[in-house]
Amino acid sequence: MKKKSIFSPPAGAGGWSPLTSDRYQWLEVDLGERTKITAVATQGRYGSSDWLTSYLLMFSDTGHNWKQYRQEDSIGSFPGNSNADSVVQYKLQQPAVARFLRLIPLDWNPSGRIGLRLETYGCPYTSDVVSLDGSSSSSLVYRLSPGTRRTPRDVVSLKFKTVRNSGSLLHAEGDGGLSLSLELERGKLQLLLRRGSSSEPRRLASLGSLLDDQHWHHLAVERRSSHLNLTVDKHTERVQIPLSVGAVQNPDSQKQVVSKGNFRGCLENLLYNSLNLIQLVKHKDHQVKVKGNVTFSCVEPVSVAVTFPGPQSFLQLPGASASSSSGGVSVGFQFRTWNKAGLLLTFGLPQEGGVVWLYLNECVLTGVRFPGSALNDGQWHSVELNSRRGRLMKSSLTHIPPLFCSGCPAEDDGQECRNPFNVFQGCMRLLTLDNQDVDLIMVQQKELGTFSNLQIDMCGIIDRCSPSRCEHGGRCSQSWIAFHCNCSDSGYSGATCHSSVYEQSCEAYKHNGNTSGHFYIDVDGSGPIRPQLVYCNMTGDTHSLILATRLRPSSLGNQHSVHFDYATEEEQLSVAISQSEHCEQELSYQCRRSRLLNTPEGSPFSWWLGGPGAGRVQTYWGGAQPGSQQCACGLQGDCVDPQHYCNCDADRMEWTEDSGLLTHKESLPVRSLVLGDIQRPGSEAAYRVGPLRCHGDKNFWNAAFFDKETSYLHFPTFHGELSADISFLFKTTASSGVFLENLGIKDFIRIELSSSTQVVFSFDVGNGPLEVRVESSVPLDDNRWHRVRAERNVKEASLRLDDLPAATQEAPADGHFHLQLNSQLFIGGTASRQKGFRGCIRSLQLNGVTLDLEERARITPGVRPGCPGHCSSYGSFCQNRGRCVERVNGFHCDCGLSAYTGVFCNTEVSASFKSGTSVSYTFKEPYELSRNSSALPSSIYSDTTLRGENVSLSFRTSQSPAVLFYCQLVLQRAPRPAHQQARQRMKNCIHLLTVHECLPAASDDLDPDLARLGSLGFTGCLSVVSFNSISPLKAALLHPDTSPVIITGPLARSNCGSSASANPYAAENTHHLSDRSGSVGSGQPLVNAIRTDSALIGGLIAVVIFVVVTGLAITARFLYRRKETYRNQEVKGVNQDDSPDFPFNNQADPQNASSENPKEYFI
């Protein structure tokens, strides 16, 4: 270890202290040779109040073209001292190799001056260097010796530096005219594949940026069989290649390869499999040939650049006079920037009374006509401004007054500089006035012009988009000080496109109130797996994810083989299966003289492959257990031949079938199917493989209940160095508590409920604590579920609570951004066991990974797995009189009292009626009901003690007149006064008809007009028919065998009254096989994933509406005629025969109940 001290005498006084204490001072150290610098240490000036509190470090090989050292690729400043005596040492995260070191003070003790004692630590650095002039003949060529054995791994490594942004750096040839090239293009390194010397290259990878900055860059290429690991500086990319590397050439071989020219610059330590090629060249080894002008030293052109880093930056240069030869004044320079706009230069025209401005506007030079666009691409662009009479101005300009670059001084009283535009932020070099170079070193030494906030003899441009911080394919763009991610069409959101905009499962969509349909789900949230389009079937008690299959048939000898492709990637499929509670897939085989599995002792004729990847061989069939080599009938013991375990193994001439569901998740999905016994004469078979259906989401309801403030769960350290997203649901009756906390040495991350209406997300990555708060207008301690989503990345931190707008906090532009944690992750509490959370936490996910709270809670005192009470949050989803029922994991909508069905009781129950179709529903005596019992839904039977009637239905028809319904009621009750007679109220609509009271009818024959209308029948659609709490149409369609209904004519459920789409997976193709050659199926998808959308017609045209309304008015005259019969004797109660069709019980009160004849309801 080499140590060098500057101004640090052992006895006492000493140190560096410039005469002026400002930010334009620096201390430069010449180490005498290139050194690998590993650490620096600072100390204040001895016996004084002079010390630095922060500073910058610069390095250089030549004393020019300085490069600023940055920590974590972002932090530019180093912490200094707090007094004059203590030593502060900083170890460089990445050692710097340089001969010259420059320290620039940023801040110092406000009560003193700049004062410094400096010590550097490092080791001597040795290297072999070669310089190439970029000519067509300048190159090194290395060829393998004949008979050299190929190795499974080859590595080429080197360092390079250049000022040119293009050129061929490495070239390797393979077999068949294939070759690989590494070429610089616009300052980026491109890996190109060519087929032949004249073909257009195909780009395999692009890595690095601003590689033409005349600083050393590390390059390594590692070949492993059919892929390359390409590394530029600290960033590596894996690339698949179709050839083997045979030779390394730099940059060209004897064959002419189309490229943008050879490399011009310096190479250092060029190694091929640890073989130093530059040393071989020096020793004139025959394996390496030198072509053209090659020298063994690095000759660098000196070009002094200047950086304008901020809004206060400007450079003022003295004016110039026109030369006699040109007859005018010229100004020239090169610039590079990321900004779209900014003033490049300006000067006044005293004689003309005007001003010349040259500025960037939307990436185009404005003020004078210049060709070119997209000038904010970070590349060097040249500008030359010449004044000649009649060109730039009316008269020839013989003198330029003081010229200003980038901006104007803040205190310009003489108005020599006016800037109505943004300042320029970027770099300039090769600045000339009247064809004379401007000496920027004299400017730096304050011997020429004036300046403010400049970095001279360096270009401080940084490419914040290389590597891109935008995740999931987000497009990165940048300005001089920041980058921006365009997340459109990526499926992700946030400042870095980190968080998925889609839910992780159908279960989550269900609890957002969605009904069946196609949805994108992102199974790992912010993880690397892309979203996938699936069909979510939410018509039952549980949701299901459905993935369609497509087949690729093939024939192998006497066997028929078929392979199934799924409309999703392998990773998506695997994760979707693993996080589902239950998965199933139908497997069916219909046969005639085609055996299936044989016996458990023999070899199976057919088998299938299932599970991850290509799948494993499975010898059981649908409905049986894995490894059993049986079918469902063998497990149930009802096969057609008791000696066999599959129906098809009986080998009969009659058609038979073996079918069932495959439910073992480790064996799903079905990948391939091999059928063997199909070539015998008379053999015939058909198979059917259904779609993969997965139900539930075991992560969505994974919850834990914390009943004490001192209870908590702990997990391994959370790793979210650059991006971290945390989401969970909570419910509580407490007003405060910590949800989550993870600590480091200095860094931390925490989410807590700070009050009954506020959630706080706080963290520290080394820049000091930051907080993001969200205030709720409603209390959060209401024992209802609330959702929290927090994200922290290199640009900002955000916090979202329920559906409230997200709160954000920007990160410092040049601050620390690595979150470094090292302790355990605490859930529901803290390491100090203070401010713990009391309540439930559910579905906790960190960077898309769900933590298993229930598993950890089972072994942790004070924490219980699971959390009941979901209806308080989700009960409103149950519509149309649906009732929320609690479950251990979730809830269920009981639609028993509703005329609707579906997961949320919002699916209409409709039927299409023809002229001969009717439904008759019969009520029974109240006292009878108590003698019977039934488990039928209450929508089929309810309290028949009529305290008023409410009939509602929806209909659609083009028939008029027509009978929609008819009520017949025969009562035996005491006489009532005339003024208490029943009143008729009826509301007619085109789409909805509601009768609030059904009138009693006489027991005599029907009115002739009504009978005539009834004989016409009804043709149209009826939907959601209800009578009080009874749903006759729903009972007839869903429970026809157990309901007191009589159906006349054809009646089938239809979606004629609903806009809901039919299940697109209802139809399946069956593929037939026989002994005929070439009959291998149609090759179409096994399951046709057809999206059908049936739209409800908005209304009838005006003429039809008029006809229907008129017809209804006529019909109403006959339908609602009041007929009452009063009997003088008191009702004693009449026993009726029990109905054998509908045994049920009820809580009807038999006392003082009227005896009621059967009441029928016809549709």
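Residues numbered from 1 in each chain as written. Predicted model: local features only at pLDDT ≥ 70, side-chain atom pairs only at ≥ 80, totals over all residues. Heavy atoms only, no water.

Considerations on the side chain of T917
Here is step 1 of the chain: Looking at the element boundaries, T917 is found in the loop between β69 (910–913) and β70 (918–923).
Here is step 2 of the chain: A relative accessible area of 5% places T917 in the buried class.
Here is step 3 of the chain: A polar side-chain atom of T917 sits 2.7 Å from the main-chain carbonyl oxygen of P1050. (Helix = DSSP H or I, 4+ residues; strand = E, 2+ residues; numbered from the N terminus. Buried < 20%, exposed > 50% of the residue type's maximum accessible area, 1.4 Å probe, protein only. Polar contact = N/O pair within 3.5 Å; in protein donor to acceptor, adjacent residues only side chain to side chain.)

Concerning the packing of aromatic side chains
Here is step 1 of the chain: Considering all chains together, one arrives at 29 aromatic pairs under this definition.
Here is step 2 of the chain: Plain terms: the ring middles of Y69 and F78 are 6.0 Å apart, the flat faces sit at 35 degrees to each other, and that makes the pair tilted.
Here is step 3 of the chain: Judged by relative accessible area, which is 9%, Y69 ranks as buried.
Here is step 4 of the chain: Consider the rings of Y874 and F891, whose centres lie 5.5 Å apart with planes at 10 degrees: the pair is stacked. Remark: F891 occurs in strand β68 (residues 890–894) and Y874 occurs in helix α7 (residues 871–874); sequence separation between them is 17 residues.
Here is step 5 of the chain: Owing to a relative accessible area of 7%, Y874 belongs among the buried residues under this scheme.
Here is step 6 of the chain: An aromatic cluster is built from F700, W701, Y874, F877, F891 and F904, whose rings are joined through pairwise contacts.
Here is step 7 of the chain: A cation over an aromatic ring shows up here: R429 above the ring of W380, its NZ or CZ 4.0 Å from the ring centre.
Here is step 8 of the chain: The residue whose ring lies beneath R842 is F700, and the NZ or CZ to ring-centre distance is 4.7 Å. (Phe/Tyr/Trp six-rings, centres within 6.5 Å; stacked < 30°, edge-to-face > 60°. Lys NZ or Arg CZ within 6 Å of the ring centre and 35° of its normal.)

Details of the pairing of strand β26 (residues 330–336)
Here is step 1 of the chain: Burial analysis of β26 places seven of its seven residues in the buried class, the great majority of the element.
Here is step 2 of the chain: Neither face of β26 is open: one carries S330, G332, Q334 and R336, the other V331, F333 and F335, and all of them are buried.
Here is step 3 of the chain: In this sheet, strand β30 (residues 381–386) lies alongside β26 in antiparallel orientation, the contact comprising six bridges. Bridging from a neighbouring strand, Q334 pairs with S382 of β30.
Here is step 4 of the chain: Pairing between β26 and strand β33 (residues 426–433): five bridges, direction antiparallel. (Pairing = 2+ DSSP bridges.)

Quick notes on the confidence of the model for the chain
Here is step 1 of the chain: With 77% of its residues at a pLDDT of at least 70, the chain reaches an overall mean of 78.
Here is step 2 of the chain: Mean pLDDT values for the elements of the chain range from 30 in strand β74 (residues 986–987) up to 95 in strand β58 (residues 758–764).
Here is step 3 of the chain: A low-confidence stretch, residues 970–1004 stays under pLDDT 50, and its non-local contacts, those more than four residues away or across chains, total 93 contacts. (pLDDT = per-residue confidence, 0-100. Contact = heavy atoms within 4.5 Å.)

Some remarks on the state of the cysteines
Here is step 1 of the chain: Summed over all chains, the structure comprises 15 disulfides.
Here is step 2 of the chain: A disulfide bridge connects C840 with C867, and the sulfur atoms are separated by 1.8 Å. Residues C840 and C867 share a disulfide whose torsion about the S-S bond is about 85 degrees; that sign makes it right-handed. Here C840, found in strand β64 (residues 839–846), pairs with C867, found in the loop between β66 (863–865) and α7; they are 27 residues apart in sequence, far enough to count as distant.
Here is step 3 of the chain: Judged by its relative accessible area of 4%, C840 is buried.
Here is step 4 of the chain: Judged by its relative accessible area of 5%, C867 is buried. (Disulfide = S-S within 2.5 Å.)

Brief notes about the sheet that holds strand β63 (residues 825–827)
Here is step 1 of the chain: Taken in spatial order, the six strands line up as β54-β63-β56-β57-β58-β59 in an open sheet, and their pairing is antiparallel. The sheet is open, and its two borders are formed by β54 (713–715) and β59 (770–775), each paired with just one other strand. Looking at each pair of strands side by side, their axes are set apart by 15 degrees on average, direction ignored.
Here is step 2 of the chain: Relative to β63, β54 is paired through three bridges, and the arrangement is antiparallel. Pairing of F715 across the sheet is with L825, part of β63. (Axes fitted to C-alpha atoms, helices over the stretch in contact; angles between N-to-C directions.)

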